[in-house]
Amino acid sequence: MLKIALVDDSVILRSAIKNVLESSGFEVAFEAGGSAELFSKLEGSGVGLILLDVFFPTENGLDILAKLKKMAPQVKVLIVTGLRQDSILEEAERLGANGVLYKPFDTDDLLSAIDRVSRS
C-alpha cells in the first residue's frame, strides 16, 4: 500500500486531505507543517509519495523539493499550489516533482493526481 505524507502549513487542509485519503484506502504516514518536521519524520517512514505545498510563511516549497529529491530521490512528490504560474510548474518539474495539483481541488482531482503520480 502506498504511504503518503502531507506537508502543508494549513492544519485544516492537511486534515481534510487526510480524511479523503484514509476514506479512500490510503495510509497517511505522517503530516508536517514545514521542512524541519518533514525531514525529522521522513527517515524510516516508508513514505512513497509526499503532497507538498509550495508556499509556507518562512520557506519555499520548491527549496524543500530540491532538498527532498537529494535526500530521498525515490520518493514521489506531488506539488500542491493555488498559484497557476508556468514558472512554478517548470521549476517544480526541473527539480524532480512528479506532478502538480492546483487548489482548489475536489476529491476526484486529488485521487486522480495521486493515481497519475503513483504510476509514473
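Everything discussed here concerns the structure shown above.
Residues numbered from 1 in each chain as written. Predicted model: local features only at pLDDT ≥ 70, side-chain atom pairs only at ≥ 80, totals over all residues. Heavy atoms only, no water.

**Student:** I tried to follow the overall build of the protein on my own but got confused; where do I start?
**Tutor:** When its secondary structure is counted, the protein shows five helices and five strands. The N-to-C order of helical and strand elements in the protein reads β-α-β-α-β-α-β-α-β-α. For 120 residues, the compact-globule formula gives about 14 Å, and the C-alpha radius of gyration of the protein, at 13 Å, lands near that figure. Each principal axis of the C-alpha atoms in the protein carries an extent, and together these give about 35 × 30 × 30 Å. Out of the 120 residues belonging to the protein, those deemed buried represent 45%. Taking as baseline every contact in the protein between residues at least 6 positions apart, the subset at least 24 positions apart corresponds to 61%. Within the structure as shown, the protein displays about 6200 Å² of accessible surface, and the carbon and sulfur contribution to it stands at 50%. Averaged over its 13 positive side-chain charges, the protein has a centre that lies 5 Å from the centre of its 18 negative ones. (Helix = DSSP H or I, 4+ residues; strand = E, 2+ residues; numbered from the N terminus. Rg over C-alpha atoms; globule rule 2.2 N^0.38 Å. Buried < 20%, exposed > 50% of the residue type's maximum accessible area, 1.4 Å probe, protein only. Contact = heavy atoms within 4.5 Å. Areas by Shrake-Rupley, 256 points an atom, 1.4 Å probe, with all protein chains shown as cover. Lys, Arg positive; Asp, Glu negative; His and termini not counted. Charge placed at Lys NZ, Arg CZ, Asp CG, Glu CD.)

**Student:** It is not clear to me how the environment of Leu78 should be interpreted in this structure. Could you clarify?
**Tutor:** With respect to the helices, strands and loops of the structure, Leu78 is situated in strand β4 (residues 76–81). What makes Leu78 buried here is its relative accessible area of 1%. Remark: the alpha-carbon pair of Leu78 and Asn98, spanning 20 residues in sequence, is separated by 5.8 Å.

**Student:** How should I be thinking about the pattern of salt bridges in this particular structure?
**Tutor:** Side-chain pairing between opposite charges can occur once the charged atoms of the two side chains come close. One pass over the full model with this rule turns up seven salt bridges. For Glu31, the salt bridge goes to Lys18, with nearest N and O atoms at 3.7 Å. Pair noted here: Glu31 is in strand β2 (residues 27–32) and Lys18 is in helix α1 (residues 11–23), with a separation of 13 residues, a long-range link. Close ionic contact of Arg94 with Glu91 constitutes a salt bridge, the shortest N to O distance being 2.7 Å. Taken together, the residues span about one helical turn, with Arg94 and Glu91 both in helix α4 (residues 86–94) at a distance of three residues. By relative accessible area, which is 58% here, Arg94 ends up exposed. Glu91 sits in the partly exposed class, given a relative accessible area of 27%. (Salt bridge = Lys/Arg side-chain N within 4 Å of Asp/Glu carboxyl O.)

**Student:** Explain unusual backbone geometry to me, please; I cannot follow it from the model alone.
**Tutor:** A negative phi angle characterises most non-glycine residues, just as the trans form characterises most peptide bonds. Geometrically, the link from Lys103 to Pro104 is a cis peptide bond, its omega value of -10° lying close to zero. For Pro104, the location among the structural elements is in the loop between β5 (99–102) and α5 (107–119).

**Student:** Any chance you could explain the nonpolar core here in plain terms?
**Tutor:** Proteins that are soluble and globular tend to have nonpolar side chains buried together. Counting residues in each nonpolar core, the largest one holds 26 residues, and the members touching the most others are Leu38, Leu42, Ile50, Leu52, Leu65 and Ile79. Contributions of two or more residues to this core are made by β1 (3–7), β2, α2 (35–42), β3 (49–53), α3 (61–71), β4, α4 and β5. The biggest single contributor to this core is α3, with four residues. Setting aside its immediate chain neighbours within four residues, Ile79 contacts Leu52, Val54, Leu65, Ala92, Ala97, Gly99, Val100 and Leu101. (Core = buried A, V, L, I, M, F, W, Y, C linked by side-chain atoms within 4.5 Å.)

**Student:** Please clarify how α5 should be interpreted in this entry.
**Tutor:** Helical periodicity: at 3.6 residues per turn, an α-helix aligns residues three or four positions apart in one direction. In a regular helix each residue adds 1.5 Å, so 13 residues correspond to 18 Å; α5 covers 18 Å between its end C-alpha atoms and thus fits that length. Every buried residue of α5 is listed here: Leu110, Ala113, Ile114 and Val117. All buried residues of α5 fall inside an arc of 100° around its axis, so they share one side. Counted as exposed and oriented over 90 degrees from the buried face of α5: Asp108, Arg116 and Arg119. In the core, the buried residues of α5 are packed alongside β1, α1, β3, β4 and β5. (Expected span 1.5 Å × (residues − 1). Arc of directions from axis to C-beta.)

The quantities given are spatial measurements derived from coordinates; they are silent on function.
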